[in-house]
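The chain contents come next:
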Amino acid sequence: MLIALPILILFPVAIALALMDGRRKPAGIIAIAALAFATAALGVLMAKVAIDGPQEVVAGGWSPDVGIRLRVDALGAIFALTTAAVLLASMAQAVAAGCASRTTPTLTVFMALGLTGLFLTGDVFSFYVFFELAMISAYGLTAGEGLAGGRFRAGFIFAVVNLIGSFLFLIAIGALYRATGTLEMIEVARRAAEINPNTAILLAVTFFVAFGVKLGLFPFHAWLPSVYLGVQPHIAAMFAGALANIGAYGLLRFGGVILPRELELGATAIIVLGGVSIVYGAIQAISRRETREVLAYSAIGHAGYVLVALGLGGPVGLTAAVVFSVANALNKTLLFLTSELRGKFMATAFLIGALSVAGVPPSAGFFGKASLFEAGIDAESIAALVLLFVGGALTFVYLFQIYQHDRWRPRAEGEYDRDNLITAGRPAQRTVGVIVALVVLVLGLWPQPLLAVADQAAAQIEQEAPR
Amino acid sequence: MTTSALTRMISRSLLAPTLIVALAILVKGYASVGDGFSAGVVAALGILLQMLAFGRDQVTADLPIHRAPLVAMTGLFIGFAVLAVPVLTGGAPLEHWPPPDEKPIYLGTVELITAVVFDIGVFLLVLGSCVKVIDALAGAAAEDDA
Amino acid sequence: MNLLYAIVIGTLFGSGVLLMLKGDLFRVVAGIVLVSNAANLTLMASGLTRGQAPILPLDPGEPVADPLVQAMTLTALVIGFAVTAVLLALSLGVYRSGRSVDLDDLSEQETEEALEREATDIPPDEAVL
């Protein structure tokens, strides 16, 4: 019953927290404890999947061909673990900074529940249900913990744009069900090979748009900067580190496993869109001053890398997409959590995050970038290699720019800090920052587990995909 | 906003029947049309009618509206219990009781099965959250009028 | 039947998108509701089969209607309801903070606020020098 355990931990806690005032310490501590237990359970589950292969349980004890399955393979497990860890760190930071809203703990735990369920389900429709649970919690978080000014407007636009994405996804699920006659992911993948090619292309494009919106890819990115700028840094960390994983996972699951031929067919378009995302994100980031705005555009750029990896395809490309997504989620969390904190330790932690994003060893980001280069070499795509190199160089430029702008100058009296966020931070906040930085470093020094799991995930995708 | 005495009288006398119809829909769901969700919506509509006829202040004074979140979360928790209890006893999540081929316990014509418990949870959840939404929107409207 | 569904879904989706393009918060919410219902109908349409009700005991030899899409649509409807409530709450928040439901007015207000803020702040680079 290990697979159901994270859900069984998070669900009752989320219910109980909904009735408590989240601004008080106990609520925050219960939320942290629940997220910590869930993360630990997912860690054990991850180990079990790595050793014994995919785990599954059928809800209600039904026979497997009728019941709804909870199913986890290496791909789902690594994303679930990363997401839970990111939410744990962000929640800890939120509590350390003093929660500003009574709904933050419960919404965070509900979001964790939705995301965990989404990564652990083997059923297309329950994927949608969990996905909406996570998204609705996110809409609530923007309203509760937004900053002054246009926070509601940013939240409203965020909700509207993402809802259009969600409904497109729902329509695509209906169409997929019509085309294959089942909702069970493995069975869908098996039957997807026989779908009429025209239908399959339409389906693939709809799924691509739906997940592109979540990921904040170039043509669908408009909502992203204003939202990341309009919320507290720890909420932005949740969005960039946890919520954006839906997009990457969805593209891998629905593109890589269910519609791989369409993915191959659209590879050029996908790489071009990814490239445009990378360049656009980087150029916009260079032209911005405010740290969180730079990071928001950097998130758009880094969504592009996942897409390029997916477009390059093959086992190496898929491995790269997984490794890069995980490393990127951790990097973004670290950067957002430390972006407004000052002091020696926080400067170092931010620097570690920045170097990791740029891909300097020893950091988690190095292996993300390295696996991308490997995928580029494997696909013999000079264009992709040039793109990765240029993207990396631009990343260096804007991160160095904000680092020296924020931390190498004495701050003038009354300087531009419109939300009064920049502080030395409380000791607990600094501890969280240091711990996340250490995780990024440790993953950089000892990346074997991550690489092994990513290899396993890629192999699993190849095996399940219809050929 | 004022309503006529007739409207108020009719809506007052409609509250109890609405709730009874809601309960009927809930328990009949296993033999005929109905389920916890529609029952919850019907009951919430009963409350909405009171709000429209008497205004929010009056209804909040008469009925325990402020308990709505508690009701909703109790319902959600019942749903969770149906999910979790079978796991604790070694089964699959959401496993049905009684198992196939076993006779359920009858309470009149109502079968006592897990699905009924789950639907009561759904009923409470829907009732609680609908009332809370209605209350929040009514409260916002009242504040804007003031 | 398929044609009818297609026309209805198309009309709903189209009207929804049209409403969303208006610069008014509540029209946008109404547009989202229409699009959500277009999506729900699409789900229904994906399982349009004729047959007996899928309740045991079944008559042998006769086709059975697909119950799965109904269950999915019901779930999607509930999610749509929750989403509408959240959106209404958000738009109320926007209205309260800006005292307007017109998106153009709101963004103008925001720009003005931003300009005011910049005027009162010392520009960062000059502050160093």
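Position numbers for residues start from 1 in each chain and track the written sequence from start to end. Chains and ligands are labelled sequentially in the order written, the chains with letters from A and the ligands with numbers from 1. With pLDDT at 70 or above as the cut-off, local features in this predicted model cover only qualifying residues; side-chain atom pairs require 80 or more to be listed or tallied, and sums for whole chains, interfaces and linings still use all residues. Side-chain measures were taken over the full set of non-hydrogen atoms in the model, leaving aside hydrogen atoms and water.

**Student:** How would you explain a negative patch on the surface if you had to name every residue and give the values?
**Tutor:** Residues and elements named next belong to chain C. On the surface, Asp 104, Asp 105, Glu 108, Glu 112, Glu 113 and Glu 116 cluster together into a negatively charged patch. Put simply, DSSP marks the helices as runs of H or I at least four residues long and the strands as runs of E at least two long, and each gets a number from the N terminus on. Within the secondary structure, Glu 112 sits in helix 4 (residues 103-120). Among the residues examined, Glu 112 registers a relative accessible area of 48% and is labelled partly exposed. Exposure above 30% relative accessible area and the absence of a salt bridge qualify a residue for a patch, where like charges join within 9 Å and nonpolar side chains (Val, Leu, Ile, Met, Phe, Trp, Tyr) within 5 Å. Residue-level accessible areas treat just the shown protein chains as cover; the underlying method is Shrake-Rupley with a 1.4 Å probe. Note on definitions: salt bridges are taken to be side-chain nitrogens of Lys or Arg within 4 Å of carboxyl oxygens of Asp or Glu. Neither His nor the chain ends contribute to the count of charged residues, in which Lys and Arg are positive and Asp and Glu negative. Think of each charge as sitting on NZ of Lys, CZ of Arg, CG of Asp or CD of Glu. Only protein chains enter the area calculation, which uses a 1.4 Å probe; residues under 20% of their type maximum are buried, those over 50% are exposed, and those in between are partly exposed.

**Student:** Which residues make up the interface of chain A and chain B, and what values do they have?
**Tutor:** Many descriptions give the size of an interface as the accessible area lost when the pieces come together. We call two residues in contact whenever any of their non-hydrogen atoms come within 4.5 Å of each other. Tallying the contact residues gives 14 residues for chain A and 15 residues for chain B. For the pair chain A and chain B, the summed buried area comes to about 1,200 Å², and 90% of that belongs to carbon and sulfur atoms. Linking chain A to chain B there are zero salt bridges. Of all the elements in the fold, those that place two or more residues in the side of chain A that touches chain B are helix 1 (5-18) and strand 1 (55-58) of chain A. Accessible area, probed at 1.4 Å, shrinks when two parts are joined; the buried area is that loss added up over both.

**Student:** Mind laying out the side chain of Glu 464 of chain A, listing which residues take part and the relevant values?
**Tutor:** All names here are of chain A. Along the chain, Glu 464 turns up in helix 20 (residues 448-464). On the basis of relative accessible area, Glu 464 is assigned to the buried category, the value being 12%. Polar contacts, as used here, are pairs of N or O atoms within 3.5 Å; protein pairs need one atom able to donate a hydrogen and one able to accept it. Residues neighboring in sequence count only if both atoms are side-chain atoms. Reaching out from Glu 464, the side chain makes a polar contact with the side chain of Arg 71 at a distance of 3.2 Å. A distance of 2.9 Å separates the side chain of Glu 464 from the side chain of Gln 460, its partner in a polar contact. Every residue in contact with Glu 464, bar those within four places of it in the chain, is listed here: Arg 71, Asp 73, Ile 186, Ala 189, Arg 253 and Val 257.

**Student:** Describe a nonpolar patch on the surface, with residues and values.
**Tutor:** All names here are of chain B. A cluster of nonpolar side chains, namely Leu 6, Met 9, Ile 10, Leu 14 and Leu 49, defines an oily patch on the protein surface of about 460 Å² accessible area. If one sorts the elements of the nonpolar patch by residue count, helix 1 (residues 5-28) sits on top with four residues. Mapped onto the elements of the fold, Met 9 is located in helix 1.

**Student:** Can you break down helix 13 (residues 267-286) of chain A residue by residue, with the values?
**Tutor:** Compared with the 28 Å implied by 1.5 Å per residue over 20 residues, the 28 Å span of helix 13 of chain A between its first and last C-alpha is a close match. Of the residues making up helix 13 of chain A, those classed as buried are Ala 267, Ile 270, Gly 274, Gly 275, Ser 277, Ile 278, Gly 281, Ala 282, Gln 284 and Ala 285 of chain A. A helix is expected to span 1.5 Å multiplied by its residue count minus one.

**Student:** Describe helix 3 (residues 68-98) of chain C, listing the residues and the values that go with them.
**Tutor:** Its 31 residues place the ends of helix 3 of chain C 45 Å apart at the C-alpha level, agreeing with the 45 Å of an ideal helix rising 1.5 Å per residue. Just past helix 3 of chain C, the residue Arg 99 of chain C takes up positive phi, approximately 60 degrees.

**Student:** Let's hear about the pairing of strand 2 (residues 69-72) of chain A: which residues, and what values?
**Tutor:** Residue and element names in this part refer to chain A. Along strand 2, one buried face is formed by Arg 69 and Arg 71 and the opposite face, lined by Leu 70 and Val 72, is buried too. Here, any two strands with at least 2 DSSP bridges between them count as paired. Here four bridges tie strand 1 to strand 2, and the two strands are oriented antiparallel to one another. Paired with Gln 55 across the two strands is Val 72, which belongs to strand 2.

**Student:** Tell me about the environment of Leu 12 of chain C, residues and numbers included.
**Tutor:** All names here are of chain C. Within the secondary structure, Leu 12 is located in helix 1 (residues 2-20). Once the C-alpha coordinates of Leu 12 and Ala 38 are considered, the two residues, 26 residues apart in sequence, prove to be 5.6 Å apart. Discounting chain neighbours no more than four positions away, the residues touching Leu 12 are Leu 34, Asn 37, Ala 38 and Leu 41.

**Student:** Give me the lowdown on the pattern of salt bridges, citing residues and values where you can.
**Tutor:** Residues and elements named next belong to chain A. Inspection of every chain in the model, using the stated rule, returns 17 salt bridges over all chains. Arg 23 serves as the salt-bridge partner of Asp 21, at 3.3 Å between the closest nitrogen and oxygen. One salt bridge connects Arg 253 with Asp 73, and the closest N-O pair in it is separated by 3.0 Å. One end of the pair, Arg 253, is in helix 11 (residues 245-258); the other, Asp 73, is in the loop between strand 2 and helix 3 (74-97), and 180 residues separate them in sequence. Each member of the pair, Arg 253 together with Asp 73, is buried.

**Student:** Residues and numbers for unusual backbone geometry, please.
**Tutor:** Following Pro 361 of chain A, the chain continues into Pro 362 of chain A via a peptide bond in cis, with omega recorded as -5 degrees. With respect to the element layout, Pro 362 of chain A can be found in the loop between helix 16 (344-358) and helix 17 (364-378). With a phi angle near 50 degrees, Glu 380 of chain A is a residue other than glycine that sits in the positive phi range. With respect to the helices, strands and loops of the structure, Glu 380 of chain A is situated in the loop between helix 17 and helix 18 (382-407). You will see that Leu 94 of chain B, though not glycine, has its phi angle at about 65 degrees, which is positive. Here Leu 94 of chain B lies in the loop between helix 4 (68-88) and strand 1 (105-107). Overall, Leu 94 of chain B belongs to the partly exposed group, its relative accessible area being 36%.

**Student:** Lay out the confidence of the model for chain C with the relevant residues and their values.
**Tutor:** Interpreting fine coordinate detail is not advised for predicted regions of low pLDDT. Residue-level confidence of the predictor, termed pLDDT, takes values from 0 up to 100. Taken as a whole, chain C shows an average pLDDT of 82; of its residues, 90% reach a score of 70 or greater. Here residues 122-129 of chain C scores under 50 on pLDDT; set against residues more than four positions off or in separate chains, the count is twelve contacts.

**Student:** Report on the packing of helix 4 (residues 104-120) of chain A against helix 5 (residues 124-144) of chain A, specifying residues and quantitative values.
**Tutor:** Residue and element names in this part refer to chain A. It is at 8 Å that the axes of helix 4 and helix 5 come closest, and there the two elements cross at 155 degrees. In terms of orientation, helix 4 and helix 5 fall into the roughly antiparallel class. Helix-helix and strand crossings are classified by hand; for helix 4 and helix 5 the assignment is left-handed. Side by side, helix 4 and helix 5 meet where Thr 104, Leu 107, Thr 108, Phe 110, Met 111, Leu 113, Gly 114, Leu 115, Gly 117 and Leu 118 of the first sit next to Phe 127, Phe 130, Phe 131, Leu 133, Ala 134, Ser 137, Ala 138, Gly 140 and Leu 141 of the second. Residues are grouped as follows: Ala, Val, Leu, Ile, Met, Phe, Trp, Tyr, Cys and Pro are nonpolar; Asp, Glu, Lys and Arg are charged; every other residue, Gly included, is polar. Per-class residue counts for the contact of helix 4 with helix 5 are 13 nonpolar, six polar and no charged. Only the stretch in contact is used when a helix axis is fitted, and all axes are lines through C-alpha atoms; the angle between N-to-C directions ranges over 0 to 180 degrees. Roughly parallel means an angle under 35 degrees; roughly antiparallel means over 145; roughly perpendicular covers 65 to 115; every other angle is labelled oblique. By definition, any crossing whose near helix is turned counterclockwise from its far helix by less than a right angle is left-handed, and any crossing with a clockwise turn is right-handed.

**Student:** For the nonpolar core, give the residues involved together with the corresponding values.
**Tutor:** Counting 203 residues, the largest nonpolar core has Phe 169, Phe 207, Phe 239 and Leu 243 of chain A as the members making the most contacts within it. Here Phe 239 of chain A is in contact with Ala 138, Leu 141, Thr 142, Phe 158, Val 227, Tyr 228 and Ala 244 of chain A, once residues within four sequence places are set aside. Within this scheme, the nonpolar core is defined by two criteria: the residues are buried Ala, Val, Leu, Ile, Met, Phe, Trp, Tyr or Cys, and they are joined through side-chain atoms within 4.5 Å. By size, the runner-up hydrophobic cluster in this structure holds 16 residues, among which are Ala 22, Val 126, Cys 130 and Ile 134 of chain B.

**Student:** Describe the environment of Ala 80 of chain A, listing the residues and the values that go with them.
**Tutor:** Residues and elements named next belong to chain A. Note that Ala 80 resides in helix 3. For the pair formed by Ala 80 and Gly 117, sequence separation is 37 residues and the distance between their alpha carbons is 8.6 Å. Those residues in contact with Ala 80, other than ones at most four positions away along the chain, are Leu 42, Phe 119 and Leu 120.

**Student:** Outline the packing of helix 2 (residues 25-52) of chain A against helix 4 of chain A, supporting the account with residue identities and numerical values.
**Tutor:** Between two packed helices, both the angle of their axes relative to each other and the distance between the axes serve to describe the pair. All names here are of chain A. At their nearest, the axes of helix 2 and helix 4 sit 9 Å apart, and the two run at 15 degrees to each other. Here helix 2 is positioned roughly parallel relative to helix 4, judged by the angle of their axes. Once helix 2 is placed against helix 4, the crossing between them reads as left-handed. Packed against helix 2, whose contacting residues are Ala 27, Gly 28, Ala 31, Leu 35, Leu 42 and Leu 45, the element helix 4 presents Pro 105, Thr 108, Val 109, Ala 112, Thr 116 and Leu 120 at the interface. Looking at side-chain class alone, the contact of helix 2 with helix 4 contains nine nonpolar, three polar and no charged residues.

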